[in-house]
Amino acid sequence: MTVTYQFEYSERLRCAFIGAGGHSYRNVYPTFQYAPVELVAVCDVQLERAQTYARGFGAPSAYDDHHEMLARERPDAVFIVTSYTAEGDVQATALAEDCLRAGAHVWMEKPTAAGIAQLDRLQAVADETGLTVMTGLKKIFTPAMEKVKAILSTPEFGTASSISVRYPQSLPAPDARSDDVAMIGFLDHIFHPGAILTYLMGPVRRIGYEWEPRTGSSVSSLLFESGAVGTLHLAAGSATGAPLERVEVIGSGANVVVDNGVRMTYYRAGAESPYGRSASFITGDDVAPLHWEPEFSLGQLYNKNLFYLGYVPEVVHFCESVLAGKPPEKGTLADVREILKLYELYRRLPAGEPATIEPRS
Ligand SMILES: NC(=O)c1ccc[n+]([C@@H]2O[C@H](COP(=O)([O-])OP(=O)(O)OC[C@H]3O[C@@H](n4cnc5c(N)ncnc54)[C@H](O)[C@@H]3O)[C@@H](O)[C@H]2O)c1
């Protein structure tokens with residue numbers, strides 16, 4: 001991807017923004033430097049914050065009421081980065097419906113909704129209005145994960161047979177899982193490993209897990225509709241500051257590993273080292289492992305977290321899809337549905353009892 005700076009785009013979307021909080025300040029408003037966005041207004045229930053962000057990110061107007069903003073500004077698209085209600089619902093779901101009804105396409109942070117029922121309502125409004133709703137599933141927009149996906153589609157790798165994903169996240173105790181507030185942390189984070197699993201391997205067909213009560217860590221075994229198998233290790237109890245993630249996919253005589261989101265090794269098929277007779281571990285150049293990781297010396301874009309964590313790519317994908325009049329390919333409501341199916345299963349499924357997910361459930 002060659003990056004275009006905002007001022008170089010000949011056509012830009014008139015965009016409004018709902019939410020002037022911490023994450024959006026760090027990671028979403030700054031992506032607009034590299035996206036076809038003309039920011040026309042910012043809204044936050046705390047007007048002073050909306051005004052500060054509007055000044056800081058170059059929007060002419062600020063509001064504390066999104067209905068008023070939508071009516072006055074008539075934006076092409078709205079970015080929504082809000083939080084949770086006191087009852088544990090996702091604020092952005094109802095806001096997204098309001099934006100669609102006002103004629104605006106929507107980009108929203110994860111989680112899109114707190115359950116399938118809420119997602120169904122949002123989907124119905126999206127269908128009724130014919131407008132786009134895309135969720136920022138940043139993990140599947142990272143350069144590393146996009147490369148893994150490309151490797152998986154090559155004949156040399158073979159059909160993906162198994163995957164393991166590690167991500168630190170605690171699953172609350174069984175008696176707390178029906179409490180929406182207690183589940184906020186899990187809902188907030190299951191979107192990350194959930195997006196990776198379903199992007200790379202497709203929908204999950206069967207799942208079972210074991211759970212450790214002191215940390216809330218869990219290990220799940222997964223069977224995908226493709227027939228591939230996998231594990232999801234939610235490694236609660238890991239050290240703060242340790243790399244969070246490790247993803248490995250195995251094909252047929254080949255495998256690919258991504259550590260810490262940016263260190264990637266592709267162990268290619270075809271190397272031969274006869275057992276007991278090979279004096280060197282060095283394999284031929286044509287079958288040697290391929291390794292990538294960014295350098296962190298130059299003032300480049302690829303070594304900026306806005307890019308290698310997937311933030312700019314997800315926002316550019318949304319804008320370009322809307323400008324082209326095409327639905328986005330990733331971060332769709334269908335992608336979100338697969339993640340929410342997993343979330344709801346963890347809420348109701350006891351440890352040690354595998355369950356099957358019906359394709360249309
Ligand atoms: N993808 C990621 O890497 C990542 C990282 C952190 C957070 N997030 C997500 O970002 C979201 C926000 O997180 P945060 O930590 O920035 O939260 P935050 O509480 O700092 O910000 C939310 C803002 O939304 C405003 N708001 C709430 N309801 C509103 C309404 N009806 N109208 C206008 N403004 C309203 C609040 O006043 C607040 O300023 C969450 O959904 C979280 O899951 C994603």
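Remember, it's a predicted structure, so these values are computed and weren't measured experimentally.

1. Some points on the domain arrangement of the protein
Buried accessible area, meaning the area lost when the parts come together, often serves as the stated size of an interface.
Here is step 1: For the protein, the assigned domains read domain 1 (6-131) and domain 2 (140-308 + 340-356).
Here is step 2: Facing 18 residues of domain 1, the contacting portion of domain 2 comprises 17 residues.
Here is step 3: In this assembly, domain 1 packs against domain 2 so that about 1400 Å² is buried in total across both faces, 68% of it on carbon and sulfur atoms.
Here is step 4: If you sort the residues of domain 1 by the area they bury against domain 2, Tyr34, Tyr84 and Lys110 come out on top, with a joint share of 39%.
Here is step 5: Viewed at the interface, domain 2 and domain 1 are joined by one salt bridge.
Here is step 6: With its nearest N and O atoms 2.9 Å apart, the salt bridge here joins lysine 110 to aspartate 188.
Here is step 7: Elements that contribute at least two residues to the side of domain 1 that touches domain 2 include exactly α1 (22-28) and α5 (116-129).
Here is step 8: Residues of the side of domain 1 that touches domain 2, tallied by class, amount to ten nonpolar, five polar and three charged.

2. Quick look at the site of the ligand
Here is step 1: Around the ligand, a shell composed of 22 residues is seen, among which His23, Asp44, Thr82, Lys138 and Tyr311 lie nearest.
Here is step 2: Measuring from an oxygen atom of the ligand, one finds a backbone N or O atom of alanine 20 at 3.5 Å.
Here is step 3: One of the side-chain nitrogen or oxygen atoms of lysine 138 is found 2.8 Å away from an oxygen atom of the ligand.
Here is step 4: Here the ligand has 860 Å² of accessible area as a free molecule, and 77% of this is covered by the chains.
Here is step 5: Of the pockets mapped on this structure, the ligand occupies the largest pocket.
Here is step 6: Looking at the shell around the ligand residue by residue, the classes come out as eight nonpolar, nine polar and five charged.

3. Structural notes on the layout of surface pockets
Here is step 1: Taken as a whole, the largest pocket holds about 720 Å³ of empty space.
Here is step 2: Forming the boundary of the largest pocket are 38 residues, of which Val81, Thr82, Ser83, Tyr84 and Gln91 lie nearest the centre.
Here is step 3: Those elements giving two or more residues to the lining of the largest pocket turn out to be α1, α4 (91-101), α5 and α7 (184-201).
Here is step 4: Looking at the lining of the largest pocket, the element that brings in the most residues is α4, giving six residues.

4. As for the nonpolar core
Here is step 1: Counting residues in hydrophobic clusters, the biggest one holds 112 residues, and the most contacted among them are Val42, Phe79, Ile80, Leu200 and Val249.
Here is step 2: Element by element, the count of residues in this core is highest for α7, at ten residues.
Here is step 3: Summarising the domain contributions, this core has at least three residues from each of domain 1 (6-131) and domain 2 (140-308 + 340-356).
Here is step 4: In this structure phenylalanine 79 touches Cys15, Ala16, Phe17, Ile18, Val28, Phe32, Val37, Trp107, Val315, Phe318 and Cys319, once residues within four positions along its chain are discounted.

5. Side note on the side chain of glutamine 118
Here is step 1: Relative to the assigned elements, glutamine 118 resides in helix α5.
Here is step 2: Accessibility expressed as a relative area gives 19% for glutamine 118, which makes it buried.
Here is step 3: Filtering out sequence-adjacent residues up to four positions away, glutamine 118 remains in contact with Asp89, Thr93, Glu97 and Ala113.

6. A few points about the environment of serine 321
Here is step 1: On the secondary structure map, serine 321 appears in helix α9 (residues 311-324).
Here is step 2: Considering only alpha carbons, one finds serine 321 and tryptophan 107, 214 residues apart in sequence, at a separation of 11 Å.
Here is step 3: Discounting chain neighbours no more than four positions away, the residues touching serine 321 are Lys326, Pro327 and Pro328.

7. Some remarks on the packing of α5 against helix α10 (residues 333-348)
Here is step 1: In the contact formed by α5 and α10, the axes pass within 10 Å of each other and the chain directions differ by 170°. As the angle between them shows, α5 and α10 are arranged roughly antiparallel. α10 is crossed by α5, and the crossing has left-handed handedness. Taken together, the residues of α10 that come into contact with α5 (itself represented by Ile116, Leu119, Asp120, Leu122, Gln123 and Ala126) are Leu333, Val336, Arg337, Leu340, Lys341 and Glu344.

8. Describing the pattern of salt bridges
Here is step 1: Within the structure shown, the criterion is met by twelve salt bridges.
Here is step 2: For aspartate 120, the salt bridge identified is with arginine 337, shortest N-O distance 2.8 Å. On the criterion of sequence distance, the pair formed by aspartate 120 in helix α5 and arginine 337 in helix α10 is long-range, its members being 217 residues apart.
Here is step 3: Salt bridges sharing common partners tie together Arg246, Glu248 and Asp259.

9. Examining unusual backbone geometry
The general pattern is negative phi for most residues beyond glycine and trans for most peptide bonds.
Here is step 1: Omega for the peptide link from lysine 110 to proline 111 comes to -10°, which places this bond in the cis form.
Here is step 2: Not every positive phi belongs to a glycine, and arginine 74 is a case in point at roughly 45°.
Here is step 3: Among the secondary structure elements, arginine 74 is positioned in the loop between α3 (66-73) and β4 (77-80).
Here is step 4: You will see that asparagine 260, though not glycine, has its phi angle at about 60°, which is positive.
Here is step 5: By relative accessible area, which is 35% here, asparagine 260 ends up partly exposed.

Procedures and definitions
Residues numbered from 1 in each chain as written. Predicted model: local features only at pLDDT ≥ 70, side-chain atom pairs only at ≥ 80, totals over all residues. Heavy atoms only, no water. Domains from an automatic or database assignment. Contact = heavy atoms within 4.5 Å. Buried area = accessible area lost by both parts, 1.4 Å probe. Salt bridge = Lys/Arg side-chain N within 4 Å of Asp/Glu carboxyl O. Helix = DSSP H or I, 4+ residues; strand = E, 2+ residues; numbered from the N terminus. Nonpolar A, V, L, I, M, F, W, Y, C, P; charged D, E, K, R; others polar. Near = heavy atom within 4 Å. Polar contact = N/O pair within 3.5 Å; in protein donor to acceptor, adjacent residues only side chain to side chain. Areas by Shrake-Rupley, 256 points an atom, 1.4 Å probe, with all protein chains shown as cover. 1 Å grid on protein atoms, 1.4 Å probe; cavity = no way out; pocket = protein on both sides within 12 Å on 5 of 7 lines; lining within 4 Å. Sits in = over half its atoms within 2 Å of the grid points. Points joined across faces, edges and corners; volume = space filled by probe spheres on them. Core = buried A, V, L, I, M, F, W, Y, C linked by side-chain atoms within 4.5 Å. Buried < 20%, exposed > 50% of the residue type's maximum accessible area, 1.4 Å probe, protein only. Axes fitted to C-alpha atoms, helices over the stretch in contact; angles between N-to-C directions. Parallel < 35°, antiparallel > 145°, perpendicular 65-115°, else oblique. Left-handed = near helix turned anticlockwise from the far one by under 90°.

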